[in-house]
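Chain by chain, the residues run as shown.
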Amino acid sequence: MRRFSILMSGILLLTLSSCATTDQGRDEGDASVEETAGTNQPSWYSALTTSKSDSASFTGFARAVSADREEARELSEQTAIKNLRFEIDRYAEEIRRELTAGGANGSLESAAFIRNLRNAVESMPVGDAMTETEFFGEGSVVHAFTRVSISSQAVIDMLSAQINHDDFVELLRQKAAS
């Protein structure tokens, strides 16, 4: 029993030490939240916000760093689109939960419906989304900041076309109108 306790202590210590980081100072090319929190980022960007939505649109944000400008843009755009999809998924899940809160819509709690809803969001074409990328950087480091937005009405229309559930679609449209 004692060997087991010592072994577990060793594993815990090894795990904790491998998670620890050492600060070896920053090179001038390194970027941190504090350094990008002023003139080194677009006014619309916040490191604390990856996505948001309102009655007009859904938006995903991202930042990528690379030595190559095109690579930074591509990585930033891909991540912003993932964050946009996350925000749309969060909204759809909020509506699903609202409808199932009273237990009246058991079909919305089925694994099949949830899977279909997630797949509808994941396969949603976002080609019409407005994409804006701004670059900051000096020397060999480029910071690409991307914002991808799509109108709430476009999202609701696409989800309504893919989801075959009258109550869900009705609440989607009601929330859009309010």
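Everything numeric in this text was worked out from a predicted model, so none of it was measured.

Participant: Explain the nonpolar core to me, please; I cannot follow it from the model alone.
Facilitator: Most often, soluble globular proteins have nonpolar side chains that are buried together. I88, I150, L159 and F168 are the most contacted members of the largest nonpolar core, which totals 27 residues. Mapped onto this core, the elements with two or more residues apiece are strand 2 (57–66), helix 3 (69–100), helix 4 (111–123), strand 4 (142–151), helix 5 (152–162) and helix 6 (166–177). If you tally residues by element for this core, the top one is helix 3, at seven residues. Residue contacts for L159: discarding those within four places in its chain leaves I88, A92, L117, A120, V121, M124 and L172.

Participant: Sorry, what's going on with the pairing of strand 4 here?
Facilitator: Walk down a regular strand and you will see the side chains alternate between the two sheet faces. For strand 4, a buried count of eight out of ten residues is recorded, marking the element as mostly surrounded by other parts of the structure. Bridging between strand 2 and strand 4 involves ten bridges; their strand directions are antiparallel. When the bridges of strand 4 are listed, T59 appears paired with S149. Relative to strand 4, strand 3 (residues 130–136) is paired through seven bridges, and the arrangement is antiparallel. Within the sheet, the bridge partner assigned to T131 lies in strand 4 and is V148. The hairpin turn running from strand 3 into strand 4, its antiparallel successor, is five residues long, and G137 in that turn takes a positive phi close to 150°.

Participant: Looking at this structure, how should I read the side chain of S57?
Facilitator: Structurally, S57 is set in strand 2. Discounting residues that sit within four places of it in the chain, S57 has contacts with K52, I150, S151 and S152.

Participant: In this structure, what is going on with the pattern of salt bridges? I would like to understand it.
Facilitator: Oppositely charged side chains can pair when the atoms bearing their charge come close. Under the criterion given, the structure shown has nine salt bridges. For E93, the salt bridge is made with R97, and the minimal N-O distance between the two is 2.7 Å. Within this pair, E93 and its partner R97 are both found in helix 3, separated by four residues, close to a single helical turn. R97 gets classed as exposed once you look at its relative accessible area, which sits at 55%. Between D157 and R173 there is a salt bridge, with the nearest N and O atoms lying 3.4 Å from each other. Separated by 16 residues along the polypeptide, D157 in helix 5 and R173 in helix 6 bring together distant segments of the chain. Judged by relative accessible area, which is 36%, D157 ranks as partly exposed. If you follow the salt bridges from partner to partner, you end up with D89, E93, R96, R97 and R118 in one network.

Conventions adopted
Residues numbered from 1 in each chain as written. Predicted model: local features only at pLDDT ≥ 70, side-chain atom pairs only at ≥ 80, totals over all residues. Heavy atoms only, no water. Core = buried A, V, L, I, M, F, W, Y, C linked by side-chain atoms within 4.5 Å. Buried < 20%, exposed > 50% of the residue type's maximum accessible area, 1.4 Å probe, protein only. Helix = DSSP H or I, 4+ residues; strand = E, 2+ residues; numbered from the N terminus. Contact = heavy atoms within 4.5 Å. Pairing = 2+ DSSP bridges. Salt bridge = Lys/Arg side-chain N within 4 Å of Asp/Glu carboxyl O.

Functional significance is not addressed by these values, which are geometric in nature.
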